[in-house]
Amino acid sequence: MAHAVVIGAGIGGLTAAVALQRRGWDVTVLERAASLEPVGSGLAVAANALKALDTIDAGDEIRKLSAVQGDGGVRSAGGRWLARTSAEAVSAQYGDSVVLLRRAQLVDALVARLTPGTVRLNTTVTAVDPDTGRVTATTGAGENPDRRAAPAEQGEAAGEIEADLVVAADGIHSPVRNALFPEHPGPVYSGTTSWRVLVPAEGVPGQASESWGAGRVFGVMPLAGGTTYCYATDVVPAGGGGGDQLAELRRLFGGWHDPIPALLAAAEPGNVLRNDVYHLAAPLPAMHRGRVALLGDAAHAMTPNLGQGACQAIEDAVVLAYVAGPGGGPAADVASRLPDYTAARLERTWKIVTRSSSINRATKIRNPLAVRLRDTATALVSRLVPGAMSGAGEEIFGWRPPTA
Ligand SMILES: Cc1cc2nc3c(=O)[nH]c(=O)nc-3n(C[C@H](O)[C@H](O)[C@H](O)COP(=O)(O)OP(=O)(O)OC[C@H]3O[C@@H](n4cnc5c(N)ncnc54)[C@H](O)[C@@H]3O)c2cc1C
């Protein structure tokens, strides 16, 4: 049986592991963290990623767990609607609307589809040889609080594993990308920091919206079960943070339109996550080298403005499993197949990185006159090009997975 080693148990790595196992591959996932718990936030999953999840029989479970994004759109800081989106129209056109759920629910659904013991926690990959598929890893002396994954022995050396295929799903600061493409400049700071918070918001009315002010954004995304996922961005130098981030959010957004002040009043201080937003500003020359395929943020980290980073990682994963072929027989000649993976993914993902980045630039505008012009242009475009503000349109949402 062909063997794949997946580096990283984020959404991209876990989806790849499920997709490869379903094609008959023996899969080992190596994850340096001590737990599979993802950050406590919400996630938008669009029609394209739901179609990809359908190929691993996870789409319907995710639809069931999620809230449909509903009608919404882009508003000004004062609450004026600049652009409206219709969930019904998106669903009619692409078969699904955008759905919203907690990240942990998606991770749980993926892990439940893996053969027990596939994921090895506390295991850090230190070297990968693209010619032989040899992966070198060390196992740290960490705890293993996550019973869904194989425990790591204290101080055990994970040693070397020979793999037919290595999937580098090791995130935006990917050590594998740095090693295989040393000439690539790596991630750059987008100029914006982000906050995410899950708010127990029973009784706070709200519909899905993203509001744009001068250099600032506030998103409101109601989830199933009375929780609302809120996110925000602001233009600040990288490396801030610390202190009371809920107080900071209330200071920045407490005067914005309803229901933002009520949501911030209902939020709990310990639940606010703050992360500086990095992205790749230059494409990789390829999404593979030898037997190694790069996937998700490792290959094409983007700003979150289109809500497509994880969706593209999910697409990558199912396409990679398709290209890799059945793993049940003798080891596949993976190195000769991976150029097809790059051909299927590089151009598509890079267009989305670029589009996300241009929306990010628009949200960073702070000059009052330029803000007024931006808002007027947004309102005009949305009136003249119905569906333009669903963020993506046919090119992104209309994607279909390959069929075996
Ligand atoms: C504010 C914000 C909001 C977002 N909202 C959305 C959204 O609504 N919808 C959407 O589709 N996307 C969204 N995204 C993007 C999305 O979060 C990412 O694109 C996605 O999580 C990337 O998944 P990944 O599996 O590629 O990487 P990651 O989730 O970063 O996983 C990488 C894993 O690799 C592990 N790792 C790293 N190095 C090693 C090593 N040497 N050995 C072993 N393991 C290693 C890490 O510990 C980590 O677990 C958002 C991003 C931000 C910042």
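For the structure itself, consult the block above.
To keep things clear, this report deals only with the structure shown in the data block. Keep in mind the model is a prediction, meaning the values are calculated, not measured.

## Observations regarding the sheet that holds strand E19 (residues 292–294)
Next up, step 1: Taken together, six strands build an open sheet; the order of strands is E8-E2-E1-E12-E19-E18 and the sheet is mixed. At either end of the open sheet lies a strand with only one pairing partner, and these are strand E8 (119–120) and strand E18 (288–289).
Next up, step 2: Sheet analysis places strand E1 (residues 3–7) next to strand E12 (residues 165–168), joined by four bridges and oriented parallel. Bridged to Ile7 within E12 is Ala168.
Next up, step 3: Sheet strands in contact with helix H11 (residues 334–363) are E12, E18 and E19, and its direction is about 15° off that of E19.

## A closer look at the sheet that holds strand E16 (residues 227–235)
Hydrogen bonds between backbone atoms are what pair the strands of a sheet, whose relative direction is either parallel or antiparallel.
Next up, step 1: The seven strands are arranged E6-E5-E14-E15-E16-E13-E17 in an open sheet whose pairing can be described as mixed. Looking at strand neighbours, the two that pair on one side only are strand E6 (81–85) and strand E17 (273–280), the edges of this open sheet. Each strand axis lies, on average, 20° off the axis of its neighbour in the sheet, ignoring direction.
Next up, step 2: Looking at chain direction, strand E5 (residues 72–76) and strand E14 (residues 209–212) are connected through four bridges and run parallel. For Arg75, the partnering residue across the bridge sits in E14 and is Ser211.

## Let's talk about the nonpolar core
Next up, step 1: Residues Leu20, Trp25, Leu53, Leu106, Leu165 and Tyr341 are the most contacted members of the largest nonpolar core, which totals 89 residues.
Next up, step 2: The dominant element in this core, judged by the number of residues it contributes, is helix H10 (residues 309–324), at ten residues.
Next up, step 3: Counting residues in each nonpolar core, the second largest holds 18 residues, with Val220, Leu263, Leu264 and Ala267 among its members.

## What about the pairing of E1?
Next up, step 1: In terms of burial, E1 is largely enclosed, as five of its five residues are buried.
Next up, step 2: The pairing of E1 with strand E2 (residues 26–30) spans five bridges and is parallel. Residue Ala4 lies in a different strand from E2, and its bridge partner there is Val27.
Next up, step 3: In the classification by handedness, the crossover that spans E1, the intervening helix H1 (residues 11–22) and the parallel E2 is right-handed.

## Observations concerning the packing of H10 against H11
Next up, step 1: Between H10 and H11, the least distance of the axes is 9 Å, while the angle of their chain directions is 165°. With respect to their mutual orientation, H10 and H11 come out roughly antiparallel. Our pair here, H10 against H11, has a crossing hand that is right-handed. Counted together, Gln312, Glu315, Asp316, Val319, Leu320, Val323 and Ala324 of H10 and Arg337, Leu338, Asp340, Tyr341, Ala344, Arg345, Arg348, Thr349 and Ile352 of H11 form the full contact between these two elements.
Next up, step 2: Residue classes in the contact of H10 with H11 are distributed as eight nonpolar, two polar and six charged.

## Remarks on the side chain of His279
Next up, step 1: Mapping His279 onto the fold places it in strand E17.
Next up, step 2: Residue His279 is classed as buried on the basis of its relative accessible area, which comes to 9%.
Next up, step 3: Apart from residues lying up to four places away in sequence, His279 is in contact with Ile172, Pro187, Val188, Ser190, Ala301, Met302, Thr303 and Ser357.

## Thoughts on the packing of helix H2 (residues 47–54) against H10
Next up, step 1: Axis separation between H2 and H10 bottoms out at 9 Å; the angle between their running directions is 35°. Both H2 and H10 take part in a crossing whose hand is left-handed. Counting all contacts with H2, which are made through Asn48, Ala49, Ala52 and Leu53, the residues of H10 involved are Cys311, Gln312, Ile314, Glu315 and Val318.
Next up, step 2: Grouping the amino acids of the contact of H2 with H10 by side-chain chemistry returns six nonpolar, two polar and one charged.

## Digging into the site of the ligand
Next up, step 1: Around the ligand, a shell composed of 29 residues is seen, among which Gly12, Glu31, Ala44, Arg103 and Asp297 lie nearest.
Next up, step 2: Within the contact set of the ligand, an oxygen atom lies 2.9 Å away from a backbone nitrogen or oxygen of Gly12.
Next up, step 3: Contacts to the ligand include Val125, whose backbone N or O atom sits 3.0 Å from a nitrogen atom.
Next up, step 4: Considering the ligand on its own, with 1,000 Å² of exposed area, one finds that the protein chains cover 85% of that surface.

Cut-offs used in this document
Residues numbered from 1 in each chain as written. Predicted model: local features only at pLDDT ≥ 70, side-chain atom pairs only at ≥ 80, totals over all residues. Heavy atoms only, no water. Pairing = 2+ DSSP bridges. Helix = DSSP H or I, 4+ residues; strand = E, 2+ residues; numbered from the N terminus. Contact = heavy atoms within 4.5 Å. Axes fitted to C-alpha atoms, helices over the stretch in contact; angles between N-to-C directions. Core = buried A, V, L, I, M, F, W, Y, C linked by side-chain atoms within 4.5 Å. Buried < 20%, exposed > 50% of the residue type's maximum accessible area, 1.4 Å probe, protein only. Right-handed = clockwise from strand over helix to strand, strands pointing away. Parallel < 35°, antiparallel > 145°, perpendicular 65-115°, else oblique. Left-handed = near helix turned anticlockwise from the far one by under 90°. Nonpolar A, V, L, I, M, F, W, Y, C, P; charged D, E, K, R; others polar. Near = heavy atom within 4 Å. Polar contact = N/O pair within 3.5 Å; in protein donor to acceptor, adjacent residues only side chain to side chain. Areas by Shrake-Rupley, 256 points an atom, 1.4 Å probe, with all protein chains shown as cover.

Such coordinate-based values are descriptive only and should not be taken to indicate function.
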